[in-house]
Amino acid sequence: MSRRATAARGARTIALAAVSATGALLLAACAPTTTDLNYDPSDGVGVSVLGEENRDLRGINLMVVSAAEGEAGNVLGALANESADDASFTLEAPGAAPVTVDVPAGGTVYLGTETGEAVQLDTVGASPGEYVDATLTVGGDSKEFQLPVFDGTLPEYADYVPAGATSPSPSVSPSASPSPSASPTE
């Protein structure tokens, strides 16, 4: 192969690499930065009362832990008020009495933690593993959302099943008891 052909091939390779790199950079610049996207990082759900664009009044990682459908359930998560005024959040679910939590301006109230506020639905209208139709209201604004229901099957939620309720325990198959061995006869 001649020197000229080798040089031309090298130049084409460099040009192709430059065009590919430029194209990749342009595509990356047009793609959304996924770390800027809001998402629910755990098992609970987030709900912004004023819409996703205005996150001043919101529920964070909300869920309910109950032994079974029709039983009481502890609400876990947090309520955040990033507005300049104190706010009262009301959580409503079908069949349950509404619960109200006051959140100071610029504050966050944690629900169901040792240092937070205990919030309980008197009855949960869905089985663990399903969702309850719920509404979070602040003042005249409200947002409907799906509130996930958990039970004590997962160890991290076992301590949050309301007292007096029996949470399902993992099924254990009975072990076979050893049968008496017969002594060999000779």
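Before any of the text, the structure's been laid out above.
Structural notes, computed from the coordinates. Everything quoted here is computed from the prediction, not taken from an experiment.

### Regarding the overall build of the protein chain
- When its secondary structure is counted, the protein chain shows two helices and nine strands.
- Along the protein chain, helices (α) and strands (β) appear in the sequence α-β-β-β-β-β-β-β-β-β-α when read from the amino end.
- Burial analysis of the protein chain (186 residues in total) assigns 31% to the buried set.
- In the protein chain, 52% of the contacts between residues at least 6 apart in sequence involve partners at least 24 apart.
- Summed over all atoms, the accessible surface of the protein chain reaches about 12,100 Å², with 54% contributed by carbon and sulfur.

### A look at the packing of aromatic side chains
- The final tally for this structure, using the stated rule, is one aromatic pair.
- A ring pair is formed by F150 and Y157, whose centres lie 5.1 Å apart and whose planes are at 40°; its orientation type is tilted. Here F150 matches Y157 in class, with each residue buried.

### Concerning the pairing of strand β5 (residues 99-103)
- With burial as the criterion, only one face of β5 is covered, namely that bearing V99, V101 and V103; the residues T100 and D102 on the opposite face remain uncovered.
- Both strand β4 (residues 87-92) and β5 contribute to a ladder of five bridges, which runs antiparallel. Bridging across to β5, S88 finds its partner in D102.
- Where β4 hands over to β5, the hairpin turn is made up of six residues, of which G95 adopts a positive phi near 85°.

### Section: unusual backbone geometry
- At N61, a residue that is not glycine, the phi angle is positive and equals roughly 50°.
- Overall, the relative accessible area of 25% leaves N61 in the partly exposed class.

### Considerations on the pairing of strand β9 (residues 141-150)
- In this sheet, β9 lies alongside strand β2 (residues 57-66) in parallel orientation, the contact comprising two bridges. Following the sheet pairing, V65 is matched in β9 by F150.
- The sheet contact formed by strand β8 (residues 131-138) and β9 spans eight bridges and is antiparallel. Considered in β9, the bridge of L136 is made with K143.
- Here β8 folds back onto β9, and the loop between the two strands holds two residues, one of which, G139, carries a positive phi near 60°.

Calculation criteria
Residues numbered from 1 in each chain as written. Predicted model: local features only at pLDDT ≥ 70, side-chain atom pairs only at ≥ 80, totals over all residues. Heavy atoms only, no water. Helix = DSSP H or I, 4+ residues; strand = E, 2+ residues; numbered from the N terminus. Buried < 20%, exposed > 50% of the residue type's maximum accessible area, 1.4 Å probe, protein only. Contact = heavy atoms within 4.5 Å. Areas by Shrake-Rupley, 256 points an atom, 1.4 Å probe, with all protein chains shown as cover. Phe/Tyr/Trp six-rings, centres within 6.5 Å; stacked < 30°, edge-to-face > 60°. Pairing = 2+ DSSP bridges.

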